[in-house]
Every structure is written in structure tokens, then in C-alpha cells.
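Each chain, written out:
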Amino acid sequence: MANTPQNSNPVPSPSTPAPSLERRFSTTPPLAYRSPLANRFSPQTPTTQNLPNDRFQSSPSTDRFHHVGVSTSSSPAVGSPSSSLPSSSPSASVKPDGKMAGPSPSPSTSPYQILNGSTEGLTSVPGFQPPDVSTISPILYKQGSGSGSKTADTSSGVVQFNAPPGPPIFSSPARPAAAPFSPMPPMPQHPGTGASQFSNIPFSFSKGKSSGALLPTSSLPPAVYSNGTPEPLSVDLDANFDNSSLSAASPYVLFSSHKVLNQKKLSNTSSIGFGAIVSPGRDTVPGPQTVQHSPYRCQNCGAYVNLYCSIMPSTGEWKCIICNKLNSSEGEYRAASSHDLRNWPELSSTVVDYVETGTRRPGFVPVSDSRMSAPVILVIDECLDEPHLQHLQSSLHAFVDSLPPTTRIGIVTYGRTVSVYDFCESGIASADMLPGGQSPSQESLKNMIFGTGLYLAPLHASLNVAHNVFSSLRPFRGDQPEVARDRCLGTAVEVALALIQGPSAEMSRGTVKRSGGNSRIMICAGGPNTFGPGSVPYSLSHPNYAYLEKKAMKWMDHLGREARRHDTVVDILCAGTCPVRIPILQPLAKASGGVLVLHDDFGEAFGVNLQRAAIRAAGSQGIFEIRCSDGIFVNRIIGPGEDSHSDGHETFKNDSSASVQMLSVEDTQSFAVTMELKRDIKEKHVFFQFAACYMDFYQANISRIITIRLPTTADLAAYLNSIEVDVLAVLIGKRAVLQAKDSSDAVDIRLAIDERVKDITAKFGTQLPKVKLRRFPKELSLLPEYLFHLRRGPLLGSIIGHEDERSVLRNLFLQASFDLSLRMLAPRVLMHREGGTFEELPAYDLAMQSDAAVVLDHGTDVFIWMGADLSTQEGKSAAALAACRTLAEELTEQRFPAPRILSFKEGSSPARYFVSRLIPAHKDPRYEQEARFPQLHTLTLEQRTKLKSSFFHVDDLSFCEWMRSMKLVPPEPS
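As the structure is a prediction and not an experimental result, all values here were calculated from the model.

Observations regarding the overall build of the chain
For step 1, the next point in the chain: Of the regular secondary structure elements, the chain holds 22 helices and 35 strands.
For step 2, the next point in the chain: For the chain, the proportion of its 974 residues judged to be buried stands at 58%.
For step 3, the next point in the chain: Sequence separation of at least 24 residues holds for 78% of the intrachain contacts in the chain that already meet a minimum separation of 6.
For step 4, the next point in the chain: Accessible surface for the chain amounts to roughly 39100 Å². Of this, 53% is attributable to carbon and sulfur atoms.

A word on the packing of aromatic side chains
For step 1, the next point in the chain: Scanning the model with the defined rule gives 16 aromatic pairs in all.
For step 2, the next point in the chain: On the numbers, 5.7 Å between centres and 85° between planes, the contact of tyrosine 333 with tryptophan 344 is edge-to-face. Here tyrosine 333 is found in the loop between strand S11 (326-327) and strand S12 (351-356), whereas its partner tryptophan 344 is found in the loop between S11 and S12, with 11 residues between them in sequence. The two residues tyrosine 333 and tryptophan 344 agree in class, both being buried.
For step 3, the next point in the chain: A centroid spacing of 6.1 Å and a plane angle of 10° characterise the contact between phenylalanine 863 and tyrosine 913, whose relative ring orientation is stacked. Linking phenylalanine 863 in strand S33 (residues 861-866) with tyrosine 913 in helix H19 (residues 911-915), this pair joins segments that are 50 residues apart in sequence.

Observations concerning the pattern of salt bridges
For step 1, the next point in the chain: A full pass over the atoms with the stated rule returns 40 salt bridges.
For step 2, the next point in the chain: Here aspartate 385 and arginine 485 are joined by a salt bridge, their closest N and O atoms 2.8 Å apart. Note that aspartate 385 is positioned in the loop between strand S13 (376-381) and helix H4 (386-402) and arginine 485 in the loop between helix H6 (459-472) and helix H7 (489-501), a separation of 100 residues in sequence.
For step 3, the next point in the chain: What makes aspartate 385 partly exposed here is its relative accessible area of 27%.
For step 4, the next point in the chain: Close ionic contact of glutamate 930 with arginine 944 constitutes a salt bridge, the shortest N to O distance being 2.9 Å. Remark: arginine 944 occurs in helix H21 (residues 941-949) and glutamate 930 occurs in helix H20 (residues 926-932); sequence separation between them is 14 residues.

What to know about the side chain of asparagine 654
For step 1, the next point in the chain: Tracing the backbone through its elements, the reader meets asparagine 654 in the loop between strand S23 (641-643) and strand S24 (658-662).
For step 2, the next point in the chain: Assessed through its relative accessible area of 2%, asparagine 654 is described here as buried.

Here's the deal with the packing of helix H12 (residues 725-739) against helix H14 (residues 783-792)
For step 1, the next point in the chain: Contact geometry of H12 with H14 gives a least axis separation of 10 Å together with a crossing angle of 30°. Accordingly, the angle class assigned to the pair H12 and H14 is roughly parallel. Where H12 crosses over H14, the handedness of that crossing is right-handed. For the pair H12 and H14, contact is made by Val725, Asp726, Leu728, Ala729, Ile732, Gly733, Ala736 and Val737 and by Leu783, Tyr786, Leu787 and Leu790, respectively.

Observations regarding the sheet that holds strand S29 (residues 774-775)
For step 1, the next point in the chain: Spatially, the 3 strands line up as an open sheet ordered S28-S29-S35, and their pairing is mixed. Only two strands of the sheet have a single neighbouring strand rather than two, namely strand S28 (766-767) and strand S35 (968-969).
For step 2, the next point in the chain: Sheet analysis places S29 next to S35, joined by 2 bridges and oriented parallel. Across the sheet, residue arginine 774 finds its bridge partner in S35, namely leucine 968.

Here's the deal with the pairing of S13
For step 1, the next point in the chain: Burial within S13 is extensive, with 6 of its 6 residues counted as buried.
For step 2, the next point in the chain: A two-sided burial pattern is seen for S13, the buried positions comprising Val376, Leu378 and Ile380 on one face and Ile377, Val379 and Asp381 on the other.
For step 3, the next point in the chain: In the classification by handedness, the crossover that spans S13, the intervening H4 and the parallel strand S14 (residues 408-414) is right-handed.
For step 4, the next point in the chain: Pairing geometry for S13 and strand S18 (residues 519-525), over 5 bridges, is parallel. If you follow valine 379 over to S18, its bridge partner there is isoleucine 523.

Digging into the sheet that holds S11
For step 1, the next point in the chain: With antiparallel pairing, 3 strands are arranged side by side in an open sheet as S9-S10-S11. Where the open sheet ends on each side, the last strands, each with one partner, are strand S9 (310-312) and S11.
For step 2, the next point in the chain: The sheet contact formed by S9 and strand S10 (residues 317-319) spans 3 bridges and is antiparallel. Pairing of methionine 312 across the sheet is with glutamate 317, part of S10.

Some details on the packing of H4 against helix H10 (residues 604-615)
Packed helices, taken two at a time, are described by the angle their axes make and the gap between the axes.
For step 1, the next point in the chain: The geometry of H4 relative to H10 is characterised by a closest axis approach of 9 Å and an angle of 30° between their N-to-C directions. Put simply, H4 runs roughly parallel to H10. Handedness of the crossing formed by H4 with H10: right-handed. Between H4 and H10, the residues in contact are Leu392, Ser395, Leu396, Ala398, Phe399 and Ser402 and Phe606, Gly607, Leu610, Gln611 and Ala614, respectively.
For step 2, the next point in the chain: Across the contact of H4 with H10, the residue classes break down as 7 nonpolar, 4 polar and no charged.

A few points about the environment of threonine 886
For step 1, the next point in the chain: Topologically, threonine 886 is positioned in helix H18 (residues 874-891).
For step 2, the next point in the chain: Side-chain polar atoms of threonine 886 contact the backbone oxygen of alanine 882, separated by 2.9 Å.

Comments concerning helix H9 (residues 582-592)
For step 1, the next point in the chain: In terms of burial, H9 is a largely internal element, 9 of the 11 residues being buried.
For step 2, the next point in the chain: Taken as a whole, H9 has its buried residues at Ile582, Ile584, Leu585, Gln586, Pro587, Leu588, Ala589, Ala591 and Ser592.
For step 3, the next point in the chain: The inward-facing, buried residues of H9 contact H7, S18, helix H8 (545-565), strand S19 (568-575), strand S20 (596-599) and helix H15 (803-815).
For step 4, the next point in the chain: Downstream of H9 by a residue or two, glycine 593 has a phi angle that is positive, lying close to 90°.

Description of the confidence of the model for the chain
For step 1, the next point in the chain: Considering every residue of the chain, the mean pLDDT works out to 76; 71% of them sit at 70 or more.
For step 2, the next point in the chain: Within the model, pLDDT remains below 50 along residues 359-372, and this stretch shows 30 contacts once partners closer than five positions in the same chain are excluded.
For step 3, the next point in the chain: This model gives residues 504-516 a pLDDT under 50, and the stretch forms 32 contacts once residues within four places in sequence are excluded.

Description of the pairing of strand S21 (residues 620-628)
For step 1, the next point in the chain: Buried residues dominate S21, accounting for 9 of its 9 residues.
For step 2, the next point in the chain: Of the pairings in the sheet, the one linking S21 to strand S26 (residues 685-695) comprises 7 bridges and is antiparallel in character. For isoleucine 623, the partnering residue across the bridge sits in S26 and is cysteine 693.
For step 3, the next point in the chain: Two strands pair when backbone bridges link them, and S21 and S24 are joined in this way by 5 bridges, in the antiparallel orientation. Across the sheet, the residue bridging to glycine 622 is methionine 662, located in S24.

Reading the values: rules and limits
Residues numbered from 1 in each chain as written. Predicted model: local features only at pLDDT ≥ 70, side-chain atom pairs only at ≥ 80, totals over all residues. Heavy atoms only, no water. Helix = DSSP H or I, 4+ residues; strand = E, 2+ residues; numbered from the N terminus. Buried < 20%, exposed > 50% of the residue type's maximum accessible area, 1.4 Å probe, protein only. Contact = heavy atoms within 4.5 Å. Areas by Shrake-Rupley, 256 points an atom, 1.4 Å probe, with all protein chains shown as cover. Phe/Tyr/Trp six-rings, centres within 6.5 Å; stacked < 30°, edge-to-face > 60°. Salt bridge = Lys/Arg side-chain N within 4 Å of Asp/Glu carboxyl O. Axes fitted to C-alpha atoms, helices over the stretch in contact; angles between N-to-C directions. Parallel < 35°, antiparallel > 145°, perpendicular 65-115°, else oblique. Left-handed = near helix turned anticlockwise from the far one by under 90°. Pairing = 2+ DSSP bridges. Right-handed = clockwise from strand over helix to strand, strands pointing away. Nonpolar A, V, L, I, M, F, W, Y, C, P; charged D, E, K, R; others polar. Polar contact = N/O pair within 3.5 Å; in protein donor to acceptor, adjacent residues only side chain to side chain. pLDDT = per-residue confidence, 0-100.

In C-alpha cells, the structure reads:
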């Protein structure tokens, strides 16, 4: 699955004389460490509650909140880390021969070391399901009372620092006794059983596959009873798996509808479309069923065996649901009856993880040490003015205090030169310096890496040194404006990448030494890269700027790919008021599998994002494959991936799958998959199989297989009732945002959204009598409102002033999880009530009532609006603000990137951020206001009059006015 390495060097560098290393000592004594932000934000701790989903599932105080929004049965459940680790007391398990195995491994055991290192034949007691802790978050720590002191967070049962998270426990149910008959001898393959070749599938990240090596199919003839009659295949295990499969797979796959329209003409030409949001790296508790043997795959098309396959119990042969070919299981699935087949996890669950841990690759560290050996390197801009530097220092101090003590950390700063800080000096901050005007030579890197300095060190041994380094940072001395200062960001990343590789530069060409888990380079940038490799002139008016920008983007993309080749993710966190030239930095983050985030300053939100970026576990070398029934093909995949090369993974004779190479595999990412019909579908069901094969944080090969069956229908009413409007809106939004490259494209996309709404109404709406107007279908009543928010919001609208900010938001949206994508597309409004409760309301400006406090969640931003009347009451105002702040933090506790949380009073200048995200419903007639905003009925006449008089005239259309401008009648409120 991994790309073939092309060069063991981080980046090609010109042949230059090796500069001598300069030892630099700080001229001023280190400042006494203080963490002014300790009370503003603290290290994130494991939570024992479910995270809120997009329909507001609250934390422990669920009874405080009122649910007013629409609820659907397939709303995705958002998991959270388990509240406790499994008990370390011995627990017996049953081997296949019926003997009792030894005690289960303790949490300190190597994550994949089971039964004294042997996992062969591991089973569990029937009816007993051990807890799956493979997805428990890393151990986190709370800051102690003293400066630099730490105390363990024992709320999750972890009381020591010297052990990684507990190992996953594999629970394969006891296998039934084989049927009392001998295995069949191998039978010759019948000619003409191969399936016809499918055409290549066009989609965003793949240009189609070459056929590759042809593997023989395993289409075997049916078994024969002793009386000469053929033995029929058993029917699939359960004919009623449709609803249960959707429920079980909902954390990973969300379809835009629960039924598939079987008419090609109407399905493909409809503006509704069909697709799914897939989160292959989703981390849930409990996790999927885990199997510790290689998966059985169809030798014709590559599909995996699953619960919908027809099985022949006497021989274990299974029939592929994608190409209908018969395959052998080498006697694995032989059973006395079809009912016994459910004892195999892969034949009873829609989501299965196949784990392979026996392979050890050169250069890998032991599995149990992988978490502590994957370093985090901070690359810090040292050209900051004093106010920004003070906030950055506070955030950095709090950041290192939040990390587990076993984390290896490195510190690199950059300006005109690159400084690599040495952890050998405990009393002072010392650094080795390299010139930043060109890529570092191999000789200079070798002298530094093999020298006497210690540049990567466990935090428990280097915490004081790290604090000294941060305290010794000084503001920029000079009279140059921020944008014109020399910053060699590209060279600094090259040096950081060389530190992570370590002695691997001495290995043979084409060999990559792994550091054990995904390493992270975290860039704290306050301005553009204006010096050295990948730089651009600071002035946009430079006569050669366009050419130099294109050259810099290509170089940064190459550097990002080089980082990914070494399993290193580059996250870029920018802050301040200086432009950072987003088009230059975005390729570096994207190609490495990282993210780029903009902040107003280096304060609270910046510090929280530093913490969350460092602790999020990520897989690498991932391949994402999608296989569908013969009548359906994938026409586009949108997400954090790129074209997959067929030589990087196994190929099959008639493999028609759409595949993507995943840049990284993380819980916070998702893929938007759109599909079309190749023909009218005559079958009653269609099948979808999603396979994500990657290497997880513990260096184990994971194959996550998700198989779902959906019914087909020709009934339009049944089809419309099966549509999940939230998922459909996100799919439409991602397709629209993908095409909006700049502000001029956004104008065209907004017009395209208008045409889409008209087309949906023309095909599925109803004609009103006596007037030439059509009403939008009531089954999709929320969809046009979502699209109205999309076209006027920050993704496609003009409420954000700078194109760089819109570009960052669009890139985040295209790879974000479903929950975050939905919030970024349409805001959510919650009004504070007496007693600390909250009521969810439509995102209309009618919620701006002077005696209330309102929370607006827009994904990357959360705003708290305080009414003027409420602000005059100090006691009530303080209590309401505290409750709103608590709610905002609960809603975004595990969100990455962490949103900025702003609060302001009615009538203040910053309140425009809040007002611009609400639909101006005050312009609508009274009857429409009451129909779409029922909360108005609770207001007295005096309150309603005061509310009406508080609004100013605006030119923006309300939602109802927008619908009427297209000759459409708004849908009836749900």
C-alpha cells in the first residue's frame, strides 16, 4: 500500500560546502516560568460521556436540554472514549480444542501480544464479550497545582505514567464443530466462469486501474450429495439485515437515502443524487468486531467475504455478492448448519477489523514502544512582535504540560537561520544553527545528527529545558514590517524531517526507517515563507510573483509528500494579522496528511489546537476501496486522498473497485462518495462494500471492511421518505465547495444551487392549483434551508472578508467528518432559559431577543450573544454567560480544529459575526414567522413589538423571499 520510496534524502539539495555549525547560547537568563493561560484552558482529559451529535445529545445533564429540532432514526451516534480500562484481573478464555487458556493480558502488555505472544486460535467464552479498548484515547494528564508539576488523571482508571494504553482484546466467538464429513477434493475450474471486465470508473482521485497481474478465480462447482443431487448454497444468513446493518454501520457510513431508486433515468438526472459519507478511520466505543486472520477475498473481483454471502456449510464455499462467483474458504466456513455460521464475526457483523500483527518491517521499533517513540517537533516562527510572542509562549508552556511524559519532543525555530535546540543543557537554552537560505546539505545534517547534541528527548527528562527554551524566546528586533521579515520555513521543515529520520540517511537508497507511529511536525507560523526554499517575495506586486508562487507551491507539495513517505504529518497553525500566503502553505499540509488552521491570535484557541493536534492518533499508508453491485458505479470521491496506484496493492482479474490512497487515517476525516446507476436495477437489493486497509498507530496492519445492503424501489414516495436530508445536504455542499476555487467561482456555484432547488421542485414537488407555482416536496423540507445557509455562509458567501480565510475553511470542510461538515454548512442556535436549560431554535434572527442569551455553533466558530436587557442584570447576565460558555465547551470538547469561542453584547461591533449567520426572517409576514419560528407564540404582545422594533433594514433576502424569487413556494415547516 505504501508508495515506493524514491529518495532517502528529505529534499534534493544543491551541492554546497558544508557550513560549520555555530553554537549559540542565550545572552539573557531564562525567565521564570509562568503559565498565564493555565486557567484559560487546560489539557484535554478523557471523558466518560458521549459526545453531542449534530442534533444535540447533551452530556451528563441531558435532562437540562430541550430538543426542538427534527430527529431521524439514522442519526449518527458519536462515540467517546471508554470511561475505564479493562480490569487487570485474570480472565479465562477457551481455545478451539476446548481447553482453557491463561489469563488475559494486562493493560501494560504490548497492544497486540496475546496469550504469551501467540494469537493463533484465540477465542473467547461463548456469551462473554470482553471490552474493546483498542480505540481508547491516549493517556492524558491534568496540570498540577505547582509550576511544572503534574498529576495523573485517575478518572479513567490510569494511575501510572509508565504504561501505554491497554491492548485491544480480540474476541472471536467459539467456532462450531465441523460437520461430520470429509473435505471435498479439489475440483477443476469450469471454463467460462470469469465475469466480464468492467470499464474503468471515473472519480476525483483515480483515473482508473490497469488490469495488473491476473489471478485465477475460485469459481468451484457446487457440492454433490451422496445420492447424486447437487447441494444448494445456503441462503444469506438473515433476510432482515437492512435496518440492523444501517444502524451498526452508521458511525462509519451514512447514506443519503435508505432506499435506492432503481430507475437509471430518474436517479441519474435528478438533482438529489445518491451517495454516502464514509469515515473509515472513525474511532468508536465499542469498536467493530476484530478478527486475527487474513480475510477471505473473491479471487475474481477482490470483494471480501461478509454476512450477506451465500455459504455452502458442507464445504465452506461462499458466493461473492459483487460478481456472484464461487470461492473457497479452504474449509474455514464448514459448519453443521447455516445457523452455526453466525459464530464467525465476519459472517455476522457489518463492520469487521482484520488485524495482522505478525509482520515486522525493518526499522520498526517494538510495538509497545511506538507511542513513546513517535516524536512531536515544534517549528516556531521567531519573527514575532512582543504581544504575539507573549501569547505564543503561554500556549507553548501549557502545551508541553499537557503532553504525556513519554512523548519525545523537539524544538526548532526559524527566522533567517534555523535553530535546533539541544536538550543536553539543563540550565540554559542552547541551540545549533544552520543557514536558512538553502536546503541543508547532507554533510551538515550528518554532523548535527551524529554530534553530541540531543535534539529529541522524552518529555519527562526534558520538560524543564523546554520551558527554558520557550521563556528565552525574544521578540523580533528590527524595523521591518511583519510581512517583509525573512522566514525560512521550508528549510526548518527539512531540518525537522531530518531529525525524525535520524540515522536513516545512512541506509541504502530507497529504504525508509520508520520511527514507530506517525510523527508530527507542528508549525507555529506568524507570517509568510519569504527566505530560502519554497519562498515567495513578500510583495504581491513583484513582477515575477506568479511564477515564483507556482514554483513554491510545487516545492512545498514535494516536501509534504516526502514527509508522508516517512510517516510524518505536518500541521500548520497560523495566527496573527500578517498574511501567511495560504496557497503556498496549503500543499505542504495537504500532501503530508495534515491540516492548516488560521487563528486570530496565539491565545486560547491556538493553544487548544496545539494540544488536540498532537494527541490525535493517525494511521498511515492507507488504501480506501469501494465496491458496489454491478448496476452501480462510483463517479466521484471527495476527501483527504489522491489517486491510488495499482502497483501498491493486490490486484484482481475483474476488480472494478474505485480506490483512493488515504493521506492519513484519522477519526476527524471523512470521504464524500457520489454514485450513479449504469442501468435500471431489477434486483431487490444492492450491495456496497467499503474497505480501508492501513497501518495503525501501533504499526499493525488493519483491514476495516464495511458491508451494507440497501433495498431498491420504484416508488417515488417511498424513495423520498427514505432520504436523510442532513447527509444529502452535506454531499451537495461538498460537491459545490469542491468547484469553488475562488470568489468568482463561488458566484457561479450559488447560481447552480438555485438551479438545483428548482430542478428538485420540478421533479418531485407539487403543482399548486390555479397558479403557476410549485411547492418544494415536504419530505425534504429542511434541504432548501440548508442550501440557503450554504450559499450565504462563509463557504460560498461573502461574510468572511479575505479569500485566504475562505480557502482554509473550504479545505477543512472537504475533509471534515460528517458532524463538523454539517455544522460548518448550517449553524445551530440554542437559547438559554431559566434554570440553566437550553432550547434549540431555527437559525433565524428572531432569536435575538433582548432578555435572552443565545449560543450559535457554526463548526469552526461558536458565538455567544447577550441581549441588551439581560446584560443590565449583572447576576443573571454572569450566570447566563457562564452556562453558555460551559455549553460551548461541551459541544466542542473533542472537535478538531477547536473553534474560537467569542461572546459579545447586543449592539456591539463584533455582534455582526452573529447577525450575518442568521436568516433575516424579521422581513417575513407574521404568519410565516409564527409557522417557522413557533417560539414566538410564547412572547407577549409587548415583547413581540419590542423585538420587531430592534431590527434594521437589510438588503439580504430572507429564506421565504429567496424561494419566491425562484417562483417556488417554500416547503411546509416540519
